[in-house]
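# Summary of the model geometry
Residues per chain are reported as follows:
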Amino acid sequence: MRSPPSSATFVCHPILFAPVPRGFSCRWKTYCHRRLNFLESKFHLHEMLNEMAEMKELKSVAHRDFYNVRKVDTHIHAAACMNQKHLLKFIKTSYQTEADRVVLEKGNQKMTLEEVFRKLNMDPYDLTVDSLDVHAGRQTFHRFDKFNSKYNPVGASELREIYLKTDNYINGEYFARLIK
């Protein structure tokens, strides 16, 4: 394996310090600028075509989370004040300690926390930060309709009503405990 050239060899290289022909520098800058624009466009195209597939792949990995990203939001919702890991931990803890508590009323039927999760065909143990899917991405900026639909944990409006609303069967007790 060859060793890298020394700094003396690098500095003495005649091509590096050769005079640049008049007009060449401007063309080189133009070329570099166009190349960077091209690469940026390719990256945006890649993002546009693959964003949903990459998110789906990330969410399919069980028990692995990416939660330590701080978000900046100029429009603050109380439902978004906790991070995803905090919400996940609270959901799991409330299920472990209060699974038999009546938390929801649909029509005339009262449901316990355990019945709600059974109806949704999920076990709180299998929930991950990624499967909760309660983060405001780019697509929710200035779109409150999308923001509201995005803040349904696991896409279930029942969980949003139980955990992230004040006007519910338990008078917002879980929400108050979450934002305390």
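With an unreviewed UniProt entry as reference, the chain is termed AMP deaminase 3, source organism Ilyodon furcidens. Quoted verbatim from the Sequence similarities (unreviewed entry) heading of the UniProt record, the comment on the chain is "Belongs to the metallo-dependent hydrolases superfamily. Adenosine and AMP deaminases family."

Another point: the overall build of the chain. Along the chain, the regular secondary structure elements total eight helices and two strands. When the elements of the chain are put in sequence order from the N terminus, they spell out α-α-α-β-β-α-α-α-α-α. A total of 180 residues make up the chain; the buried ones form 25% of that total. A sequence separation of at least 24 residues applies to 58% of the contacts in the chain between residues at least 6 apart. Summed over all atoms, the accessible surface of the chain reaches about 13600 Å², with 57% contributed by carbon and sulfur.

In this section: the packing of aromatic side chains. Summed over all chains, the structure comprises four aromatic pairs. On the numbers, 5.3 Å between centres and 80 degrees between planes, the contact of Tyr95 with Phe117 is edge-to-face. Taken together, the residues Tyr95 in helix H3 (residues 84–98) and Phe117 in helix H4 (residues 113–119) connect sequence positions 22 residues apart. With a relative accessible area of 0%, Phe117 lands in the buried category. Site record: aromatic cluster; members linked through ring pairs are Phe90, Tyr163 and Tyr174.

Let us now look at unusual backbone geometry. For residues other than glycine, phi is negative in most cases, and the peptide bonds are mostly trans. We note that Asn121 has phi near 55 degrees; this positive angle belongs to a residue other than glycine. Looking at the element boundaries, Asn121 is found in the loop between H4 and helix H5 (129–132).

Each value, and the rule that gives it
- Each chain has its residues counted from 1, running along the sequence as written.
- Two thresholds apply to this predicted model, a pLDDT of at least 70 for residue-level local features and 80 or more for giving and counting side-chain atom pairs, whereas whole-chain, interface and lining totals are computed over all residues.
- The side-chain numbers reported here are obtained from all heavy atoms of the structure, hydrogens and water having been left aside.
- UniProt positions are given in the numbering used here, feature names are shortened, and annotations may be inferred rather than shown by experiment.
- Helix and strand assignments follow DSSP, with helices taken as H or I runs no shorter than four residues and strands as E runs no shorter than two, numbered in order from the N terminus.
- To sort residues, take the accessible area from a 1.4 Å probe on protein chains only and compare it with the maximum for the residue type: under 20% means buried, over 50% means exposed, and anything in between is partly exposed.
- By definition in these notes, contact holds between two residues if any of their heavy atoms fall within 4.5 Å.
- Calculation of accessible area relied on Shrake-Rupley with a 1.4 Å probe; when residues are assessed, cover is drawn exclusively from the protein chains displayed.
- For Phe, Tyr and Trp, where Trp contributes only its six-membered ring, two rings pair if their centres lie within 6.5 Å, and the inter-plane angle classes them as stacked under 30 degrees, edge-to-face over 60, or tilted in between.

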